[in-house]
Amino acid sequence: MTLFYLGPKGTFSYLAALKLQSQTQQEEQLVECSNLYEVMSSLQKDSSASAIVPIENSIEGTINVIADSLIEQNFVIIEEIFLDIAFALYGFPHQSITDIKHVYSIGPAISQTQKFIHEHQFDYDYTSSTVASLDKIDATTGAIAPLGSGEMYGYEPLATHIEDYPHNMTRFLVLKHASEVTNQIGSECLLVITPTEDKPGLLASILNTFAMFQVNLKWIESRPLKTQLGMYRFFVQAECPDTIVLNKILTILETLDFKIKNLGRFH
């Protein structure tokens, strides 16, 4: 079975894919894609495959391209994976951190290691991926990349755990075609709730409906409808109740003129 991920080998998506394989004891064929749009479009073309994609980072927030794709495409979530985000400064073997004057990485990695960069007075610049930054390494240039990635390419960490916030984490979703998944079970569910018109109390009515049945919400995020300014839909992840209670919640929300898309139940 194919598992698409944002490559190349060594990215956080790759590390999340390895963690998924370890937890499920399944050896999917890992197929790298050059960007998140390609991950989603590749899954769209292969109904037998699955994909692992980031949906939320504890510092950077929601990954909007994935959230929007979940609206537009008929995928369901079958699993979620949490990955600790740790960065390292990579260089050549036997190189010292005092040799480094300039560092490369992607924008989010640079922003999440600002304290380390300024402490060492490094100049910095950007690359298309954290792993691509390894290609920039030379006698005075280092790469900021996921801890554990540089070793795959023959480089060594000159400093580890250089991230500004030690408890940074990214949540990944494992997706499949809805037509390939039946009888989902799990303790979590993710719904997309879309109002049909703009009126007072939209968000309150959603929250009150879940509160009425004492259902705890784990994540709520708004995204623009892209039809007119000021219109939003809501992603709501909940500790999923039994089917009877969930159906009651959905019925009430539909009565309140919301359209509901169920993105699946998962652990």
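So, how was this worked out
- What you see as residue numbers is a count from 1 along each chain, following the sequence as written.
- Under the rules for a predicted model, residues below a pLDDT of 70 receive no local features and side-chain atom pairs below 80 are neither given nor counted, while totals for whole chains, interfaces and linings still include all residues.
- Only hydrogens and water are set aside when side-chain values are computed; all heavy atoms of the structure are taken into account.
- Secondary structure elements follow DSSP: runs of H or I of four or more residues count as helices, runs of E of two or more count as strands, with numbering from the N terminus.
- Helix span is expected to be 1.5 Å times the residue number reduced by one.
- Only protein chains enter the calculation, and the probe is 1.4 Å; a residue is then buried if its accessible area is under 20% of its type maximum, exposed if over 50%, and partly exposed in between.
- For this quantity, the arc is that covered by the directions from the helix axis to the C-beta atoms.
- Contacts are residue-level and defined by heavy atoms, with any inter-residue pair within 4.5 Å sufficient.
- What qualifies as a polar contact is a pair of N or O atoms within 3.5 Å, subject to a donor-acceptor requirement within protein and to the restriction that residues adjacent in sequence count only when both atoms come from side chains.
- UniProt positions are given in the numbering used here, feature names are shortened, and annotations may be inferred rather than shown by experiment.
- What makes two strands pair is DSSP finding at least two bridges between them.
- A pair of aromatic rings is counted whenever rings of Phe, Tyr or Trp (Trp by its six-membered ring) have centres within 6.5 Å, and the orientation is called stacked for planes under 30 degrees apart, edge-to-face for over 60 and tilted otherwise.
- For a ring to carry a charge above it, either NZ of a lysine or CZ of an arginine must fall within 6 Å of the ring centroid while also lying within 35 degrees of the normal to the ring plane.
- Here an angle of 0 to 180 degrees is reported between the N-to-C directions of two axes, which are lines fitted to C-alpha atoms, with helices fitted over the stretch in contact.
- Should an angle fall under 35 degrees it is called roughly parallel, over 145 degrees roughly antiparallel, and 65 to 115 degrees roughly perpendicular, with every other angle called oblique.
- Crossing handedness follows the turn of the near helix against the far one: under a right angle anticlockwise gives a left-handed crossing, and clockwise gives a right-handed one.
- Think of it as three bins: nonpolar holds Ala, Val, Leu, Ile, Met, Phe, Trp, Tyr, Cys and Pro, charged holds Asp, Glu, Lys and Arg, and polar takes everything else, Gly as well.

**Q** Whenever I open this one, helix 7 (residues 243-255) confuses me. Can you help?
**A** At 3.6 residues per turn, the α-helix brings residues three or four places apart onto the same side. Spanning 13 residues, helix 7 covers 18 Å between terminal C-alpha atoms, matching the ideal 18 Å at 1.5 Å per step. Buried within helix 7 are the following residues: Leu246, Ile249, Leu250 and Leu253. With its buried residues spanning 95° around the axis, helix 7 presents them on a single face. Counted as exposed and oriented over 90 degrees from the buried face of helix 7: Ile244 and Thr255. Its buried side turned inward, helix 7 meets strand 12 (188-195), helix 6 (202-212) and strand 15 (258-266). Measuring from the backbone nitrogen of Ile244 back to the side-chain oxygen at the start of helix 7 gives 3.2 Å, which picks out Asp242 as the cap.

**Q** Help me understand the UniProt feature "domain: Prephenate dehydratase" (unreviewed entry) in the protein in this model?
**A** The UniProt feature table records "domain: Prephenate dehydratase" (unreviewed entry) at residues 2-177. Taken end to end, residues 2-177 is 24% helix and 36% strand, and its two terminal C-alpha atoms sit 13 Å from one another.

**Q** Quick question: what am I supposed to make of the pairing of strand 6 (residues 87-91) here?
**A** Consecutive residues of a regular strand have side chains that alternate between opposite faces of the sheet. Of all five residues making up strand 6, five are buried, and the element is well covered by its neighbours. Burial along strand 6 is two-sided: the face carrying Phe87, Leu89 and Gly91 and the face carrying Ala88 and Tyr90 are both buried. The pairing of strand 6 with strand 9 (residues 141-146) spans four bridges and is classified as antiparallel. Note that in strand 9 the partner of Ala88 across the bridge is Ala145. Relative to strand 10 (residues 156-160), strand 6 is paired through four bridges, and the arrangement is antiparallel.

**Q** I would appreciate a short explanation of the packing of aromatic side chains in the present structure.
**A** Each aromatic ring pair is characterised by the separation of its centres together with the angle its planes make. One pass over the full model with this rule turns up six aromatic pairs. Ring geometry for Tyr124 and Tyr126: centres 6.0 Å apart, planes at 80°, overall edge-to-face. Judged by relative accessible area, Tyr126 falls into the partly exposed class, the value being 48%. We note Lys115 situated over the ring of Tyr165; from NZ or CZ to the ring centre the distance is 5.3 Å. In this structure, Arg171 packs its charged tip against the face of Trp219, placed 4.8 Å from the ring centre.

**Q** Before we go on, may I ask you to explain unusual backbone geometry in this structure?
**A** Negative phi is the rule for most residues except glycine; trans is the rule for most peptide bonds. The step from Gly7 to Pro8 runs through a cis peptide bond, and the omega angle for that step is 5°. Here Pro8 is to be found in the loop between strand 1 (2-6) and helix 1 (12-24). Despite not being glycine, Lys226 has its phi angle at roughly 70°, a positive value. In this structure, Lys226 sits in the loop between strand 13 (217-224) and strand 14 (232-239).

**Q** Help me out: how do you make sense of the packing of helix 6 against helix 7 in this one?
**A** The description of two helices packed together rests on the angle between their axes and the distance between the axes. Packing of helix 6 against helix 7 brings their axes to within 10 Å, and their N-to-C directions diverge by 155°. In terms of orientation, helix 6 and helix 7 fall into the roughly antiparallel class. At the point where helix 6 passes helix 7, the crossing takes the right-handed sense. Across from Ser205, Ile206, Thr209, Phe210 and Met212 in helix 6, the residues of helix 7 making contact are Ile249, Ile252 and Leu253. Its residues assigned to classes, the contact of helix 6 with helix 7 shows six nonpolar, two polar and no charged.

**Q** Got a minute to help me understand the environment of Thr127 in this structure?
**A** Counting through the fold element by element, Thr127 comes out in the loop between strand 8 (123-126) and strand 9. A sequence separation of 16 residues divides Thr127 from Ala143, and the C-alpha atoms of the two residues are 9.8 Å apart. The residues contacting Thr127, other than those within four sequence positions of it, are Tyr104, Ser105, Ile106, Ala132, Ser133 and Lys136. A polar contact is formed between the side chain of Thr127 and the backbone oxygen of Ser129, at a distance of 2.9 Å.

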